[in-house]
Every structure is written in C-alpha cells, then in structure tokens.
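What follows is each chain in one-letter form.
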Amino acid sequence: MPMYQVKPICGSHIKTDLPTCMYNLPNVHAQPGSMFTSEHALQNGEVDPAVKALEARQDEIMRKLYELKAAVDGLAKTVTTPDADLDLTVSSTFCSQSPSSTTFKGVTDLDTLLGKDLGALRDIVINANPAQPPLTLLVLHSVLCQRYRVLSTVHVHSSVTNVPPQLLSCLGPRHADSYARQMFQLGFTLIWKDVPKLQMKFSVQNMCPVEGEANVARFLFKLLSPYPSDAAPATLVDSWVDTAFFQLAEGSAKERAAVLRALNSSLGRNPWLAGPEFSLADIACYCCVLQSGSASSTPTNVQRWLKSCENLGHFSPAKLFLQ
C-alpha cells in the first residue's frame, strides 16, 4: 500500500544564515584531497606535543585506576570471606627472598595454577587451631617467600580467647608497605580459630574449602613445583605425606616406631624420601617427626636426614614451637 506523499517544505537551494555570535573553531577533520590544517593534527609525521601530553595523562590515570582496582579487589575478598569477623590483626609481613635457596625443578606460574586475576592480590586464607599449630604450613610459607612476593597476615578469631605469643608472630614482623597490596603477588592470611580441622579458602566464590593439613600442604607445594609427571614418584610422595599425618602425628607408639624404621630404610638408599630431590614428603615427615617428639631417638639415617633438612634454612619456624 503506497504512503501519502508530502511535498518538501524547503528546497535544497535555500541558504541558511549561521549566527555570528558563536566562536569560530578550526576544522580538525581532513577534507578529501587536502592536507591537515589543524594545529592538533599530524604535522610532518609527528604528533602534536599537546596530544602526547594528553595521552601521558590518560596513561597515568589508567595506572592509578588499575592500582585502585587491585586494592579494592583485595579488600573485597576479605570482606566476602565468611571468617571476616576478626578481633585482632596481629601483623602483616612481606617476605623477601631467603638467603638459603631451595631449588625446585619445574617452576610453576601463578597465572597458570590460579588463573589471571587482573592484578588483584591472590589471598590464601587458612583457619588453624592454636592447640594444633600447622608446622608444615609454616615451613611452606617460608619457601613461598623465597619464590614470590608474599604479604603475610596473622589474625585472631573471636572464638579463641588465648593465643601464645609465638603464634602471634609466627609469620614475622609487620612490613612497612603492607597497605600497598598491589605490590605483592600472593597473600598468606593465617587465622587462629577454634576449628576441628585446618581449613583453607582461596576463592570464596568459586572454590569450596580445603580441609586437613595434608591437603592444604599439597595445594601450597604445587605453587612451588608441580608433582612429578611420572605416576610412581607422585604416588610415593603422596604415600609419605599420608604416612606422616596419619601414623607419625596421630598414630600409636608402635605405629611411629614402624614408620621410623621405614624412614631409616628409605633414607639408606636415597638422600631424600622421594628420591634424589627434596619434596613435600620431606617437609611433612620432618615436621611430624618433630611434633611427635621422636627426633632424639631416631635411627642413624633419619638423624642425618633431619640435619640435611635443617641446613636448608626453612624449618626454623617449625622448631620454634618445640623449644
């Protein structure tokens, strides 16, 4: 159905008088076949200094916004954590590289393991009972500080009334730049809380809590070095970790004696429990041997192995709780 046709009310030949009271501005757009004439356009292939200054200012604003977003994201993780009802912030520490270096083969990347977080600090929040200090996590924290820029913080939950002084300072003194969260790669937050089992939360929105010191130790160690690609060495490491926590730490005197004999036999063939390289098996068994009170009565090979572990320099935090 055709539409009604309306005649034009003005023709294209009519000229419009523009007002003369407005400011005249130069044309900043190039006409076809002509050169740029604006003072803000390209001249001889070079950008006008005013444009450069504007770009530099924009870059500086974007950098500050990026840092602000990282700080806000870090605070948001703390606020959205179910354990945010904290009574006391004890210390925030920055761990620099340790003079005693531990070499791990197959160095891992935080972005690969934990995903890219657009510059926000990756917070690992651990709930631990002060009646059962997690010695392995303190050792792993020391090794993590050798690899990454770690912001460490200790809190006390309202469910705990009395915490020994050595637990309050177990991660070191407060760092002067602890407020600048964007300077760090990893956050290590330890909360002393009345919990039946040790708990770890990394991503509150996307990850369920990890329970048990052995499982948390496995998670932290993978931030340092991946498990062996061969199934046999990986299974051997896991077997020693389970043996340490279920038999050395929680077993009877007879079970501990059997484990010490197995340790002595294995260490007679290799310098470390999982072969020629230091691994999570050595960290777990060392801490559980010390925690069980069996260090002074261990066989010869185990005594030599204990000294080799101590020479690495990362087991000092664990020994402080046994003095």
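Here is what the cut-offs are and how they apply
- What you see as residue numbers is a count from 1 along each chain, following the sequence as written.
- The model is predicted, so local features are restricted to residues of pLDDT at least 70 and side-chain atom pairs to those at 80 or more, both for listing and for counting; the totals for chains, interfaces and linings are taken over all residues.
- To obtain the side-chain values, all non-hydrogen atoms of the structure were included, while hydrogens and water were left out.
- Here, patches come from residues exposed beyond 30% relative accessible area and free of salt bridges, joined within 9 Å for like charges and within 5 Å for nonpolar side chains (Val, Leu, Ile, Met, Phe, Trp, Tyr).
- Accessible areas in this description were obtained via Shrake-Rupley with a 1.4 Å probe; residue shielding takes into account the shown protein chains only.
- By convention in these notes, a salt bridge is any Lys or Arg side-chain nitrogen within 4 Å of a carboxyl oxygen on Asp or Glu.
- Only protein chains enter the calculation, and the probe is 1.4 Å; a residue is then buried if its accessible area is under 20% of its type maximum, exposed if over 50%, and partly exposed in between.
- Throughout, the protein atoms alone are placed on a 1 Å grid, and a set of points is a cavity if a 1.4 Å probe fits but cannot get out or a pocket if it is open with protein on both sides within 12 Å along at least five of seven lines; lining residues have an atom within 4 Å of a point.
- Grid points are joined across faces, edges and corners, and a volume is the space filled by probe spheres set on the points.
- Strands are runs of DSSP state E lasting at least two residues, helices are runs of H or I lasting at least four, and both sets are numbered from the N terminus onward.
- Residues are grouped as follows: Ala, Val, Leu, Ile, Met, Phe, Trp, Tyr, Cys and Pro are nonpolar; Asp, Glu, Lys and Arg are charged; every other residue, Gly included, is polar.
- The domain limits used here are those given by an automatic or database domain assignment.
- Ring pairs are drawn from Phe, Tyr and Trp, using the six-membered ring of Trp, whenever the two centres fall within 6.5 Å, and their geometry is named by plane angle: stacked under 30 degrees, edge-to-face over 60, tilted for the rest.
- An expected span of 1.5 Å times one less than the residue number is assigned to each helix.
- Taking the helix axis as origin, the arc is that swept by the directions to the C-beta atoms.
- In what follows, residue pairs with any heavy atoms lying within 4.5 Å of each other are defined as contacts.
- Axis angles are defined between N-to-C directions and span 0 to 180 degrees, where every axis is a line fitted to C-alpha atoms and, for a helix, only to the segment in contact.
- Oblique is the label for every angle not falling under 35 degrees (roughly parallel), over 145 degrees (roughly antiparallel), or within 65 to 115 degrees (roughly perpendicular).
- What makes a nonpolar core is a set of buried Ala, Val, Leu, Ile, Met, Phe, Trp, Tyr and Cys residues whose side-chain atoms join them at distances within 4.5 Å.

Brief notes about a nonpolar patch on the surface
Part 1 of the argument: Nonpolar side chains collect at one region of the surface, where Ile61, Met62, Leu65, Leu68 and Val72 lie side by side and expose about 470 Å² of accessible area between them.
Part 2 of the argument: Given a relative accessible area of 43%, Ile61 falls into the partly exposed group.

A short note on the layout of surface pockets
Part 1 of the argument: Reported here for the largest pocket is a volume of approximately 590 Å³.
Part 2 of the argument: Elements represented by at least two residues in the lining of the largest pocket include exactly helix 5 (213-222), helix 6 (231-248) and helix 8 (280-292).
Part 3 of the argument: Top element by residues in the lining of the largest pocket is helix 5. It accounts for four residues.
Part 4 of the argument: Looking at the lining of the largest pocket residue by residue, the classes come out as eleven nonpolar, six polar and six charged.
Part 5 of the argument: When residues of the lining of the largest pocket are sorted by domain, at least three fall in each of domain 1 (110-223) and domain 2 (231-320).

A word on the packing of aromatic side chains
Part 1 of the argument: Considering all chains together, one arrives at four aromatic pairs under this definition.
Part 2 of the argument: Geometrically, the ring pair formed by Trp272 and Phe278 is edge-to-face, given 5.2 Å between the ring centres and 80° between the ring planes. With respect to burial, Trp272 and Phe278 carry one shared label: buried.
Part 3 of the argument: Their ring planes at 85° and their centres at 6.4 Å tell us that Phe278 and Phe315 sit as a pair that is edge-to-face. Here Phe278 is found in the loop between helix 7 (253-267) and helix 8, whereas its partner Phe315 is found in the loop between helix 9 (300-311) and helix 10 (316-320), with 37 residues between them in sequence. Grouping residues by exposure puts Phe278 and Phe315 together as buried.
Part 4 of the argument: An aromatic cluster is present here, built from Trp272, Phe278, Tyr286, Trp305 and Phe315 joined pairwise through their rings.

Details of the environment of Arg122
Part 1 of the argument: Tracing the backbone shows Arg122 in strand 2 (residues 122-128).
Part 2 of the argument: Sequence spacing of Arg122 and Phe188 is 66 residues, and the spatial spacing of their C-alpha atoms is 8.6 Å.

A closer look at helix 7
Part 1 of the argument: Along its 15 residues, helix 7 runs 21 Å from first to last C-alpha, staying within 8% of the 21 Å computed at 1.5 Å per residue.
Part 2 of the argument: Along helix 7, the positions that sit buried rather than exposed are Val259, Leu260, Leu263, Ser266 and Leu267. Looking straight down helix 7, one finds that the buried residues subtend no more than 125° of arc, so they occupy a single side. Opposite its buried face, helix 7 presents the exposed residues Lys254 and Arg261, each directed more than 90 degrees away.
Part 3 of the argument: Against the buried residues of helix 7 lie helix 6, helix 8 and helix 9.

Focus on helix 6
Part 1 of the argument: An ideal rise of 1.5 Å per residue puts 26 Å on 18 residues; helix 6 measures up with 24 Å between its terminal C-alpha atoms.
Part 2 of the argument: All of the buried residues in helix 6 are Ala234, Val237, Trp240, Val241, Thr243, Ala244, Phe245 and Leu248.
Part 3 of the argument: Contacts made by the buried residues of helix 6 are with helix 3 (135-147), helix 5, helix 7 and helix 8.

Remarks on the packing of helix 3 against helix 5
Part 1 of the argument: Here helix 3 crosses helix 5 at 10°, and the two axes come no closer than 10 Å. Classified by the angle between their axes, helix 3 and helix 5 sit roughly parallel to one another. Residues Leu135, Thr136, Leu137, Leu140 and Leu144 of helix 3 touch helix 5, and the partners they reach there are Glu213, Val216, Ala217, Leu220 and Phe221.

So, the nonpolar core
Part 1 of the argument: Judged by nonpolar contacts, the single largest core of 68 residues is most densely connected at Ile126, Leu220, Leu263 and Trp305.
Part 2 of the argument: Here this core spans two domains, since at least three of its residues come from each of domain 1 (110-223) and domain 2 (231-320).
Part 3 of the argument: Residues within four places of Ile126 in sequence aside, it is in contact with Leu137, Phe188, Thr189, Leu190, Ile191, Leu198, Gln199, Met200, Val216 and Leu220.

Here's the deal with the pattern of salt bridges
Part 1 of the argument: Scanning the entire structure with this criterion turns up three salt bridges.
Part 2 of the argument: Measuring nitrogen to oxygen at the nearest pair gives 2.7 Å for the salt bridge that ties Arg218 to Asp238. You can see Arg218 sitting in helix 5 and its partner Asp238 sitting in helix 6, a full 20 residues away along the chain.
Part 3 of the argument: Measuring nitrogen to oxygen at the nearest pair gives 2.9 Å for the salt bridge that ties Asp242 to Arg218. Of this pair, Asp242 sits in helix 6 while Arg218 sits in helix 5, placing them 24 residues apart in sequence.
Part 4 of the argument: Assessed through its relative accessible area of 31%, Asp242 is described here as partly exposed.
Part 5 of the argument: The buried category is assigned to Arg218, whose relative accessible area is 14%.
Part 6 of the argument: The network of salt bridges with common partners includes Arg218, Asp238 and Asp242.

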